[in-house]
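Now for the letters of each chain:
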Amino acid sequence: MSSEEDRKIKQREAGDRETARLWRAWRTVHEMVRDRGYTLSDDEVNISLEDFKREYMGSDGSVSRANMKFSANPSDIMMKRYSNPPTDREPNPPPPDIGQIFVEFLNDTSVGIKQMRNFAQFLSSQNHHTGILVTSVNITPAALKIIPAVASETRIETFLETDLLVNITHHELVPTHVLLSKEEKTALLQRYRLKDTQLPRIQMGDPVARYLGLRRGQVVKIIRKSETAGRYASYRLCV
Amino acid sequence: MATTKTPKSILKKSSSYPAAATTSSKEERDRGLALYHARLIQSRKDIELEILLSTETLIDYPLASSLYDASNPSPADAKAFKDFLRPFQPSDYDALIVERNINDHCGYTLCPKPRVRETGGGKYRVIGTRGRAKDFRVVEKEELEKWCSDACARRALYVRVQLSESPAWEREAAQSLIKIDLLDEPKSEDDSVAEELGQLHLSGEEEQEKKQNTANLALERGDQGRAAHHGLVDVKIQEKEVQRSAEPPSLDEDDLSGRLDTMHLTLEGHTPSFGSRRERRDDEEEADTDWKI
């Protein structure tokens, strides 16, 4: 009798913890998408736990990940940042390589080639430019090889739920990273008379680079606090 | 002195040096080098993609109907399986097993059954409690859940040990020709007849060896094979012209007695000539006398 009640209480607590985890990951993903420059309203980003429960909790008291998906469109500022400036050689540059982003949470206990293929097919059929797959378990190495194989059609990024529990960019030891547009990059390289390979580097797998969705060849401006100078900016090339 | 006449150079005319030619050829060389390495990387990428696609295809095997099972796979499936498996490394094969397990298939590609699910919790299982002590083992539950039965595990691992450890783009031609055997080969009538014929011939093994030798030779020549590509160095083999008929080295009987005392100094038929042994002994004797009072 009491053990039965105990079990129930424990189960409910575990469910609550799971819900809270999902809510935090949900918020971090929204913040990430907004920080990249996609348009999301404040209401969508700063959803409270109660609202989140109301929205996504089923009748059985658990959150169904299948409902947790959303898409967002790039803002004008972001389009401008990713645009290719016209040059002498190319007076009509190609349009910016950016488009609608789609985020999905996956509930499967293991993620393999099949799931990745399905996700990629879904993205290209719905004409989503970028897809973010949030999983609760590690993706198999073979499945990760699908990502470069379909890179020509759609961009896939994967995150673990555990990595999204806190927003790392809000930590006080993480300086502000600002993505430079192509124009700003050329201006910077001219100002310091550099080739881009002469800049310090940041890896594509760097947590902040993953957060911002950096691509090879992009430059981020990193603004740190300095005791002597107030603010100190450095630039890093994504490799 | 200020004339418009240009001073005559005391240096040789630049045209006599192929300076311009060398710079262009250097550029050409650099370009060739870059292309060579780019091609290597591209071929490697191609093979990796091929392995990935093969894995994807093999997840849904066997394709044949329920007529066949793991101990008697359909010949078409078995052949396709072997063909797909050729560029695999053991690690790729492990990835294939994991992928099949995710889709709830038995880890052995030619087995149509689902994998077993152990009942009960716990991370480890104790096996071999009934047999001898050396059979006793504690294994992870996941290891047991990979297959539908022990027989399938045996079949799958039998294939695994035949795969080459070296990646496909580094293999020699002979290695990429290696034939993979299944533990339970499909024994259709055609096959068994063909097998018997092969045994009748008796030259089956010999022929295989011959084929491998030819393949190796072709690779050496740079003709074919996965790893075949135009090398950076232009190798031309020039046979040494033989004037007289070759004869094996022999001991000259007549002057053997004269060489006997220096024979132990001979290195591959050559005897160092400076300071023969006898002379040295004389020197030593002389030196020894110095010590005498």
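Residues numbered from 1 in each chain as written. Chains lettered and ligands numbered in written order. Predicted model: local features only at pLDDT ≥ 70, side-chain atom pairs only at ≥ 80, totals over all residues. Heavy atoms only, no water.

Structural notes on the overall build of chain B
Right, on to step 1. Within chain B, the secondary structure is distributed over ten helices and two strands.
Right, on to step 2. Counted from the first residue to the last, chain B has its helices and strands arranged as α-α-α-β-β-α-α-α-α-α-α-α.
Right, on to step 3. Contacts in chain B between residues far apart in sequence, at least 24 positions, make up 64% of those at least 6 positions apart. (Helix = DSSP H or I, 4+ residues; strand = E, 2+ residues; numbered from the N terminus. Contact = heavy atoms within 4.5 Å.)

What about the packing of aromatic side chains?
Residue and element names in this part refer to chain A.
Right, on to step 1. Under the criterion given, the structure shown has nine aromatic pairs over all chains.
Right, on to step 2. Centre to centre, the rings of Trp26 and Tyr56 are 5.0 Å apart; their planes meet at 65 degrees, and the pair counts as edge-to-face. Here Tyr56 lies in helix α3 (residues 49-56) and Trp26 lies in helix α1 (residues 2-36), a separation of 30 residues in the sequence.
Right, on to step 3. Overall, the relative accessible area of 3% leaves Trp26 in the buried class.
Right, on to step 4. The interplanar angle of 40 degrees and the centroid separation of 6.5 Å between the aromatic rings of Phe102 and Phe119 together place this pair among those described as tilted. (Phe/Tyr/Trp six-rings, centres within 6.5 Å; stacked < 30°, edge-to-face > 60°. Buried < 20%, exposed > 50% of the residue type's maximum accessible area, 1.4 Å probe, protein only.)

Looking at the interface of chain A and chain B
Right, on to step 1. Listed as interface residues are 13 residues of chain A and, on the opposing side, 13 residues of chain B.
Right, on to step 2. Both faces considered, chain A and chain B share a buried interface measuring about 950 Å² in area, 63% of it formed by carbon and sulfur atoms.
Right, on to step 3. Linking chain A to chain B there are two salt bridges.
Right, on to step 4. In this structure, A:Arg117 engages B:Glu56 in a salt bridge whose closest nitrogen and oxygen atoms are separated by 2.5 Å.
Right, on to step 5. Broken down by secondary-structure element, the contributors of at least two residues to the side of chain A that touches chain B are α5 (113-125), α6 (141-144) and α7 (146-149) of chain A.
Right, on to step 6. The element best represented in the side of chain A that touches chain B is α5(A), accounting for four residues.
Right, on to step 7. Within the side of chain A that touches chain B, the residues separate by chemical class into six nonpolar, four polar and three charged. (Buried area = accessible area lost by both parts, 1.4 Å probe. Salt bridge = Lys/Arg side-chain N within 4 Å of Asp/Glu carboxyl O. Nonpolar A, V, L, I, M, F, W, Y, C, P; charged D, E, K, R; others polar.)

Quick word on the nonpolar core
Right, on to step 1. Ranked by size, the top nonpolar core spans 37 residues in total, and within it A:Val33, A:Phe52 and A:Phe105 carry the most contacts.
Right, on to step 2. Those elements that place two or more of their residues in this core are α1, α3, β1 (69-72), α4 (76-82), β2 (101-106), β3 (130-135), α9 (207-212) and β7 (219-226) of chain A.
Right, on to step 3. With seven residues, α1(A) is the largest single contributor of residues to this core.
Right, on to step 4. Among the domains, domain 1 (3-166) and domain 2 (171-238) of chain A are the pair contributing at least three residues each to this core.
Right, on to step 5. Apart from the residues within four sequence positions on either side, A:Phe52 is in contact with A:Thr19, A:Leu22, A:Trp23, A:Trp26, A:Ile47, A:Met57, A:Val63 and A:Met68.
Right, on to step 6. One finds B:Tyr61, B:Ala78, B:Cys148 and B:Val159 within the second-largest nonpolar core, a separate group that totals 28 residues. (Core = buried A, V, L, I, M, F, W, Y, C linked by side-chain atoms within 4.5 Å. Domains from an automatic or database assignment.)

Considerations on the UniProt feature "domain: RNA polymerase Rpb5 N-terminal" (unreviewed entry) in chain A
Right, on to step 1. Those residues carrying the UniProt feature "domain: RNA polymerase Rpb5 N-terminal" (unreviewed entry) are residues 16-121 of chain A in this numbering.
Right, on to step 2. When the span residues 16-121 of chain A is considered, its composition is 46% helix and 9% strand, and the gap between its end C-alpha atoms is 34 Å. (UniProt positions renumbered as here; feature names shortened; annotations may be inferred.)

Here we look at empty space enclosed by the protein
To find leftover empty space, one rolls a probe the size of a water molecule over the atoms.
All names here are of chain B.
Right, on to step 1. Tallied over the entire structure, the rule returns two cavities of 30 Å³ or more.
Right, on to step 2. What lines the second largest cavity is simply Pro62, Ala64, Ser65, Tyr68, Asp69, Pro73, Ser74, Asp77, Leu110 and Pro112.
Right, on to step 3. Here the lining of the second largest cavity is composed, by residue class, of six nonpolar, two polar and two charged. (1 Å grid on protein atoms, 1.4 Å probe; cavity = no way out; pocket = protein on both sides within 12 Å on 5 of 7 lines; lining within 4 Å. Points joined across faces, edges and corners; volume = space filled by probe spheres on them.)

Considering the environment of B:Val98
Right, on to step 1. Counting through the fold element by element, B:Val98 comes out in helix α3 (residues 90-102).
Right, on to step 2. Between the alpha carbons of B:Val98 and B:Thr55 there is a distance of 10 Å; along the sequence they are 43 residues apart.

Brief notes about the sheet that holds strand β4 (residues 155-160) of chain A
Residues and elements named next belong to chain A.
Right, on to step 1. Pairing is mixed in the open sheet, where four strands are placed in the order β1-β2-β3-β4. Both outer strands of the open sheet, β1 and β4, are each paired with one neighbouring strand and no more. Strand-to-strand twist of the sheet, defined as the mean angle between neighbouring strand axes without regard to direction, takes the value 15 degrees.
Right, on to step 2. Packed on one face of the sheet, α1 meets β1, β2, β3 and β4 and runs near 165 degrees to β2. (Pairing = 2+ DSSP bridges. Axes fitted to C-alpha atoms, helices over the stretch in contact; angles between N-to-C directions.)

Focus on the packing of α3(B) against helix α5 (residues 150-160) of chain B
All names here are of chain B.
Right, on to step 1. Two elements in contact, α3 and α5, have axes separated by 10 Å at closest approach and are oriented at 150 degrees. When the interaxial angle is binned, α3 and α5 end up roughly antiparallel. For the pair formed by α3 and α5, the contact residues are Pro90, Tyr93 and Asp94 on the first element and Ala156, Val159 and Arg160 on the second. (Parallel < 35°, antiparallel > 145°, perpendicular 65-115°, else oblique.)

Some details on the pattern of salt bridges
Right, on to step 1. All told, the structure shown has 19 salt bridges over all chains when counted by the stated rule.
Right, on to step 2. Note that B:Glu48 and B:Arg44 form a salt bridge whose closest N and O atoms lie 3.8 Å from each other. Highlighted residues: B:Glu48 and B:Arg44, both in helix α1 (residues 19-59), separated by four residues, approximately one helical turn.
Right, on to step 3. The shortest N-O distance in the salt bridge between B:Asp104 and B:Arg117 comes to 3.3 Å. On the criterion of sequence distance, the pair formed by B:Asp104 in the loop between α3 and β1 (124-127) and B:Arg117 in the loop between α3 and β1 is long-range, its members being 13 residues apart.
Right, on to step 4. Accessibility expressed as a relative area gives 36% for B:Asp104, which makes it partly exposed.
Right, on to step 5. Bridged by salt links that share partners, the residues A:Glu18, A:Arg65 and A:Glu161 form one connected network.

Quick word on α5(B)
All names here are of chain B.
Right, on to step 1. Residues of α5 that are buried: Cys152, Ala153, Arg155, Ala156 and Val159. Down the axis, α5 shows its buried residues gathered within 165 degrees of arc, on one side only. Turned more than 90 degrees from where α5 packs its buried face, Asp150 and Arg154 sit exposed.
Right, on to step 2. Here the buried face of α5 lies against α2 (75-85) and α3. (Arc of directions from axis to C-beta.)

Structural notes on the UniProt feature "domain: RNA polymerase subunit H/Rpb5 C-terminal" (unreviewed entry) in chain A
Right, on to step 1. Per the UniProt entry, the sites bearing "domain: RNA polymerase subunit H/Rpb5 C-terminal" (unreviewed entry) are residues 166-238 of chain A in this numbering.
Right, on to step 2. Helix makes up 22% of residues 166-238 of chain A and strand 32%. Its end C-alpha atoms lie 24 Å apart.

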